[in-house]
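# A structural walkthrough
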Amino acid sequence: MINQQWEESLDNAKPYRISKHAVVEAFKRVKANKGAAGVDGESIEEFEKDLKNNLYKLWNRMSSGSYFPQPVRSVEIPKDEGRKRTLGIPTVADRVGQMVVKMYLEPEIEKCFHPDSYGYRAGKSAIDAVGMARQRCFRIDWVVDLDIKGFYDNLDHELMMKAVRKHTDCKWLLLYIERWLKAPILTADRKLVYRDKGTPQGSVISPLLANLFLHYAFDERMRKAHPSIPFERYADDIIVHCRSKKQAGWIMAEIERRLAQCKLELHPEKTKIVYCKDEIRRGKNPNQRFDFLGYTFRPRLAKSREGKHFVGFLPAVSDKAGKRMRLVMRSWKIHRRSDLSLEDLSGLSNPIIRGWINYYGQYYKSALRWSFNVLNRILVRWAMRKYKKLRYHYRRAAHWLGRVALQKPKLFYHWQMGFRPSAGR
């Protein structure tokens, strides 16, 4: 059942047949993904200084069955509304080991995944999921916006291993996946926390395992029991489309029961039924909007190809995503960088701006204008600090920046996309 492309470079004296070539390739992929150091403090660059020896030791231990992962370093990152998300950062060696397992296992698992599962899959993306949700919201009136409470923290190990065994009986794959699931977490205050459930977000293997778990907990149940009810799932972000409010309430209860069987629960406050209100639909419901993968779906004024205005249920960049973008813009402290030229600033910011527009500008791009107006105002403040003749004269500086945007419309990527400052009169 194991992918045969890593068959070469095997040592038959070892109890487990693992290719040395697979370990080398796994390191290349880990290096490309970058990432912070684990509990041993060793960065990718430091690991690479003695690369041949480090990779040989890892291969030798994995091939002999003596490999045990180190604890996972816990890191808290801020979320919305002052909350925090805990990430688990394995060591570089453990990330390479997980990548080896992923390369062997993923081709076998990928074959079974549902076409409406979009997360962490080759050839599928978050924007694909948003696009499919947009199409279905045009045709289907109701949505169940599902939120699984603490999914990554509550994933059951026994059920997880049962799902893995459906796809492989390879002893070393099963052995190391189980060891990674049980690896303790080292908290910021240096305390070891042992786990009997959950998989840390941030590890190489977690997205694949999470996808596999929800494939059996959710996707397969929907395919077999409710084939006429469409959905989109990106990891644990899920929306389900329903023909009526009654059907939405019924399927939400069905999903809640199914997840309980898999030792998961829906968040009672964040899970909701949404009416996809537009100018044709006449029904009423207090919830007429939902967020999905950085987009907010809600009634919006739009223009048809024939030039007629109408109200459609459409996605645009969410308030949360826009706020995060503006916080990043302000964190650059551009207004203090009077030592840099406008060309320097564009070179530093354009890669990030391009990424934002390429993702959030796919649908209802005009909703990005407010965020990029903030960036233009920051550039005006930079000009006031940079040039004496503009100091203390905001309008004059804004007019100057507008003329620059007319003369060099490709200087900043958001200017190219139509979010230029006005040159005034």
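Anything mentioned here points back to the structure above.
Conventions adopted
- Residues numbered from 1 in each chain as written.
- Predicted model: local features only at pLDDT ≥ 70, side-chain atom pairs only at ≥ 80, totals over all residues.
- Heavy atoms only, no water.
- Helix = DSSP H or I, 4+ residues; strand = E, 2+ residues; numbered from the N terminus.
- Buried < 20%, exposed > 50% of the residue type's maximum accessible area, 1.4 Å probe, protein only.
- Contact = heavy atoms within 4.5 Å.
- 1 Å grid on protein atoms, 1.4 Å probe; cavity = no way out; pocket = protein on both sides within 12 Å on 5 of 7 lines; lining within 4 Å.
- Points joined across faces, edges and corners; volume = space filled by probe spheres on them.
- Nonpolar A, V, L, I, M, F, W, Y, C, P; charged D, E, K, R; others polar.
- Salt bridge = Lys/Arg side-chain N within 4 Å of Asp/Glu carboxyl O.
- Expected span 1.5 Å × (residues − 1).
- Arc of directions from axis to C-beta.
- Patch = residues over 30% accessible without salt bridge, like charges linked within 9 Å, V, L, I, M, F, W, Y side chains within 5 Å.
- Areas by Shrake-Rupley, 256 points an atom, 1.4 Å probe, with all protein chains shown as cover.
- Lys, Arg positive; Asp, Glu negative; His and termini not counted.
- Charge placed at Lys NZ, Arg CZ, Asp CG, Glu CD.

The residue D145 is located in strand β3 (residues 142-147) in this model. The exposure class assigned to D145 is buried, which follows from its relative accessible area of 10%. With residues near it in sequence (within four places) discarded, D145 still touches I238, I239, K270, T271, K272, F290 and D291.

The next thing to look at is empty space enclosed by the protein. What the rule picks out here adds up to two cavities of 30 Å³ or more. If you add up the space inside the largest cavity, you get close to 90 Å³. Contributing to the lining of the largest cavity are 14 residues, with V72, Q98, W180, P200 and S203 lying nearest its centre. Put simply, the parts of the chain that give the lining of the largest cavity at least two residues each are α4 (92-110) and α8 (171-182). Looking at side-chain class alone, the lining of the largest cavity contains nine nonpolar, four polar and one charged residues. Estimated volume of the second largest cavity: approximately 70 Å³. If you go around the second largest cavity, the residues you meet are A217, F218, R221, M222, H226, E254, I255, R258 and L259.

Glancing now at the pattern of salt bridges. In total, this model carries 18 salt bridges according to the counting rule given. K111 is the partner of E108 in a salt bridge, and the nearest nitrogen-oxygen pair spans 3.5 Å. Judged by its relative accessible area of 67%, K111 is exposed. Close ionic contact of D219 with R233 constitutes a salt bridge, the shortest N to O distance being 2.8 Å. Within this pair, whereas D219 is found in helix α9 (residues 206-225), its partner R233 is found in strand β6 (residues 231-234), the two being separated by 14 residues in sequence. Pair check on accessibility: D219 and R233 agree, each one buried.

Here we take up helix α10 (residues 245-261). Taking 1.5 Å of rise per residue, 17 residues should cover 24 Å, and α10 covers 25 Å from first to last C-alpha, within 8% of that figure. Q247, A248, I251, I255, R258 and L259 are the residues of α10 that are buried. Each buried residue of α10 lies within a common arc of 100 degrees when the element is viewed along its axis, so the set occupies one face. Residues of α10 that are exposed and point more than 90 degrees away from the buried face comprise K246 and Q261. Elements that come into contact with the buried residues of α10 comprise β3, α9, β7 (237-242) and β8 (272-275). Phi turns positive, to about 65 degrees, at K263, one or two residues after α10.

Another point: a positive patch on the surface. Among the surface-exposed residues, K333, R336, R381, R385, K388 and R391 lie close enough to one another that they form a single positively charged patch. Here K333 shows up in the loop between α11 (319-331) and α12 (342-360).

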